[in-house]
Amino acid sequence: MTHPFTWWDARTAEEAAALLAKKGAMALSGGVDLLGELKEGIRSPDHIVNLRSVPGLDRIERTDRGWRIGATAILADIAAHAELRKALPGLAESADAVATPQIRNQGTLGGNLAQRPRCWYYRSADFECAKKGGKGCPAEEGENRYLAILGGGPCHIVHPSDCAPMLVALGARLFLRGPDGARDLPIADFYELPSKNILCEYTLKPGEFIEAVEVPVALPRSTYVKLREKDSFDFAAAACAVAGKIDGDHFTEVRVVLGGVAPIPWRAGASEANLMKSTLADAIEPASTAAVDGARALSQNEWKIPLAKAAVARALRSFLPR
Amino acid sequence: MPADRPDGISRRDFLTVTGALTGAGLLAGKSSAEDGAKGKGPAGLGPEAVGYTLRVNGEDRAVSAEPRATLLDVLRNSLDLTGAKSACDRGECGACTVIVEGRSVYACMMLALQARGKEIRTVEGLSRGDTLHPVQAAFIEHDGYQCGFCTPGQVMSTVALLEKTPSPSPEGIRAGLCGNICRCAAYSGIFEAAAAAAKAK
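Predicted, not measured: the structure shown is a model, and the values here were computed from it.

Rules of the game
- Residues numbered from 1 in each chain as written.
- Chains lettered and ligands numbered in written order.
- Predicted model: local features only at pLDDT ≥ 70, side-chain atom pairs only at ≥ 80, totals over all residues.
- Heavy atoms only, no water.
- Pairing = 2+ DSSP bridges.
- Helix = DSSP H or I, 4+ residues; strand = E, 2+ residues; numbered from the N terminus.
- Axes fitted to C-alpha atoms, helices over the stretch in contact; angles between N-to-C directions.
- 1 Å grid on protein atoms, 1.4 Å probe; cavity = no way out; pocket = protein on both sides within 12 Å on 5 of 7 lines; lining within 4 Å.
- Points joined across faces, edges and corners; volume = space filled by probe spheres on them.
- Nonpolar A, V, L, I, M, F, W, Y, C, P; charged D, E, K, R; others polar.
- Buried < 20%, exposed > 50% of the residue type's maximum accessible area, 1.4 Å probe, protein only.
- Polar contact = N/O pair within 3.5 Å; in protein donor to acceptor, adjacent residues only side chain to side chain.
- Contact = heavy atoms within 4.5 Å.
- Salt bridge = Lys/Arg side-chain N within 4 Å of Asp/Glu carboxyl O.
- Buried area = accessible area lost by both parts, 1.4 Å probe.
- Left-handed = near helix turned anticlockwise from the far one by under 90°.

Caption draft 1: Quick peek at the sheet that holds strand 4 (residues 103-106) of chain B. Residue and element names in this part refer to chain B. Sheet architecture is open: 5 strands sit in the order 2-1-5-3-4, paired in mixed fashion. This sheet does not close on itself; its edge strands, each paired only once, are strand 2 (59-65) and strand 4. Adjacent strand axes in the sheet meet at a mean angle of 45 degrees when their direction is disregarded. As defined by bridge partners, strand 3 (residues 97-100) adjoins strand 4 across 4 bridges and the pair is classed as antiparallel.

Caption draft 2: Structural view of the layout of surface pockets. Counted as a void, the second largest pocket has a volume near 870 Å³. Lining the second largest pocket are 34 residues, with A:Asp96, A:Pro101, A:Arg104, B:Lys164 and B:Ala175 positioned closest to its centre. Those elements giving two or more residues to the lining of the second largest pocket turn out to be helix 3 (75-80), helix 5 (89-96), helix 6 (101-106) and strand 9 (221-227) of chain A together with strand 4, helix 4 (151-164) and helix 5 (170-176) of chain B.

Caption draft 3: Spotlight on empty space enclosed by the protein. Residues and elements named next belong to chain B. For the structure on display, the rule yields 2 cavities of 30 Å³ or more. Counted by class, the lining of the largest cavity contains 12 nonpolar, 2 polar and 1 charged residues. Here the second largest cavity is characterised by a volume of approximately 30 Å³. Lining the second largest cavity are Gly-83, Ala-84, Ala-95, Cys-96, Thr-97, Val-98, Thr-122, Val-123, Glu-124, Pro-152, Gly-153 and Met-156. If you list the elements that add at least two residues to the lining of the second largest cavity, you get strand 3 and helix 4.

Caption draft 4: Spotlight on the side chain of A:Glu272. All names here are of chain A. Among the secondary structure elements, Glu-272 is positioned in helix 11 (residues 269-277). According to the relative accessible area criterion, Glu-272 is buried, its value standing at 9%. Among the polar contacts listed, one links the side chain of Glu-272 to the side chain of Arg-267, at a separation of 2.8 Å. Ignoring any residue separated from it by four or fewer positions in sequence, one finds Glu-272 in contact with Val-254, Arg-255, Val-256 and Arg-267.

Caption draft 5: Looking closely at the sheet that holds strand 12 (residues 266-267) of chain A. All names here are of chain A. Taken in spatial order, the 4 strands line up as 9-10-11-12 in an open sheet, and their pairing is antiparallel. At either end of the open sheet lies a strand with only one pairing partner, and these are strand 9 and strand 12. Sheet analysis places strand 9 next to strand 10 (residues 238-247), joined by 7 bridges and oriented antiparallel. The residue bridging Thr-223 from the neighbouring strand is Val-242, located in strand 10. Most of the contacts of helix 13 (residues 304-317) go to strand 10, to which it runs at about 30 degrees, and overall it touches strand 9, strand 10 and strand 11 (250-259).

Caption draft 6: Structural context of the pattern of salt bridges. Within this structure, the stated rule accounts for 29 salt bridges over all chains. Residue A:Arg145 pairs with A:Glu229 through a salt bridge whose shortest N-O separation is 2.6 Å. Taken together, the residues A:Arg145 in the loop between helix 8 (120-123) and helix 9 (163-169) and A:Glu229 in the loop between strand 9 and strand 10 connect sequence positions 84 residues apart. Here A:Glu229 falls in the partly exposed class, since its relative accessible area comes to 42%. Each member of the salt-bridge network shares a partner with another, and the members are A:Lys39, A:Glu40, B:Asp89 and B:Arg90.

Caption draft 7: Structural detail: helix 2 (residues 32-40) of chain A. Residue and element names in this part refer to chain A. With 8 of 9 residues buried, helix 2 lies mostly within the body of the structure. Listed as buried for helix 2 are Val-32, Asp-33, Leu-34, Leu-35, Gly-36, Glu-37, Leu-38 and Lys-39. Tucked into the core, helix 2 has its buried residues touching strand 2 (25-28), strand 3 (47-50), helix 6 and helix 8. Within two residues after helix 2, Gly-41 carries a phi angle of roughly 75 degrees, on the positive side.

Caption draft 8: Here's a closer look at the interface of chain B and chain A. The interface is formed by 45 residues belonging to chain B together with 39 residues belonging to chain A. Counting the surface lost from both chain B and chain A, the interface buries some 3200 Å², and carbon and sulfur atoms represent 58% of this. Of all residues in chain B, B:Arg68, B:Arg103 and B:Met109 give up the largest surface area on contact with chain A, accounting jointly for 21% of the area buried on that side. In this assembly, chain B and chain A are joined by 4 salt bridges. Where A:Lys39 meets B:Asp89, a salt bridge forms, and the shortest distance between an N and an O atom there is 2.6 Å. Where chain B touches chain A, the interface holds 14 residue pairs in polar contact (both at pLDDT 80 or more). Breaking the side of chain B that touches chain A down by element, the ones donating at least two residues are helix 1 (11-18), strand 4 and helix 5 of chain B. Counted by class, the side of chain B that touches chain A contains 18 nonpolar, 15 polar and 12 charged residues.

Caption draft 9: Quick peek at the packing of helix 4 of chain B against helix 6 (residues 187-200) of chain B. Residue and element names in this part refer to chain B. Contact geometry for helix 4 and helix 6: axes closest at 11 Å, N-to-C directions at 40 degrees. As helix 4 runs across helix 6, the sense of the crossing is right-handed. Contact with helix 4, carried on its side by Gln-154, Thr-158 and Leu-162, involves Ile-190, Ala-194, Ala-197 and Ala-198 of helix 6 and no other residues of that element. Here the residues of the contact of helix 4 with helix 6 are counted per class, giving 5 nonpolar, 2 polar and no charged.

Any functional reading would require information that these geometric values do not contain.
Written out as structure tokens, the structure reads:
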């Protein structure tokens, strides 16, 4: 059962950072993902620092640089924000694509970005695996139907977030805070492949947490397409986030990012190159094929390669004039 | 879903986590002796049971529970509100759905401490005396259940949906209730009940 912990209500971001410097402390925002890990017994923090008690950390506001969304902003509020949806439609769609109403009502943007993978070997205390600090990957010889087709090894998880690929496509920046102060970085640099960092999908220093996300409004067209095995609610089997600028019949700027197929949000640079050199209509087929360049299936997940292609094609087709 | 809880938790363990309040003395609760950074930060709560108040169905209720207790633990084991059900315990089935600050949430995936200072509503608070809430009445009228185990969660999700979207489309009803699973698959009755309750309002 859940390891006992001491609870701290942080009153300011600085105070949260100071509290998180304690040994065995973890940050909690909505808490849905962390509570799942606690219940499975794969994490046993002695201290939990509540970020939702920090006033204003959930603010969604337009600034001169775009939209600034506090880390503890509720996903349902992001999805329901009319002005934000108008400016960044793909972001609202990605927040709306998360799980169920109940989880969107509690889950926050920061938690969505820092959630841990759903690989069942990782989530089970009964299996040793490299991501939990043990050895090897039981999925290689075991159940790997939903795991990575791109960027995998030595761990083959897929990144579960819907908002992360969209924010990579939109060119967002993350604002982090920790015991040593604040820093910010492009969200794409936040995520790391298991070949670089097997223990965690992102690069937070000890005690650091996400304070806010800043999204520029430079790419007015965006969409998020999520394909899942069970359509009522599920994690993505393959997803595609596209953000760009369209002039007439072609993109003048575009980012294509896949979700649910790689250990991190997977930028499909070859697709983008295809889209930049011809009309959108002509580029859809080659761009969706190029998105899965280098894909390599495990024993049970070859089906995800055409599925990822389909997600890209579907996302791109949504930009065609109707 | 496995019959045995993987963590081997028993009802007795739950009771030690959430123990019902037996004396007013417990209300003071215990705070960790540790202070925040440099002794000026907030006091930590726990890890032993701490006393606090939850506002449930319009009433302030004193509870004593360890910080690790979920809202569902406290509702069921300390406050004897057993309408919200414990089934998957992982935020996947919806049987524990309650409404916090007007939003449906999974009580199994929210720590009770997170619900302090918020308006919590459970299925027990819906009816007015013998008069059922229109959503409850519609579930009966349209057979929105078979075994009934998931019903409190289905009803609470429907109430939350209709308070936000008084006239949902059929697709809106399905999307709004997608976080609640009915193992008897009484979905057609559930969706009809939701549609009828929307019209009745």
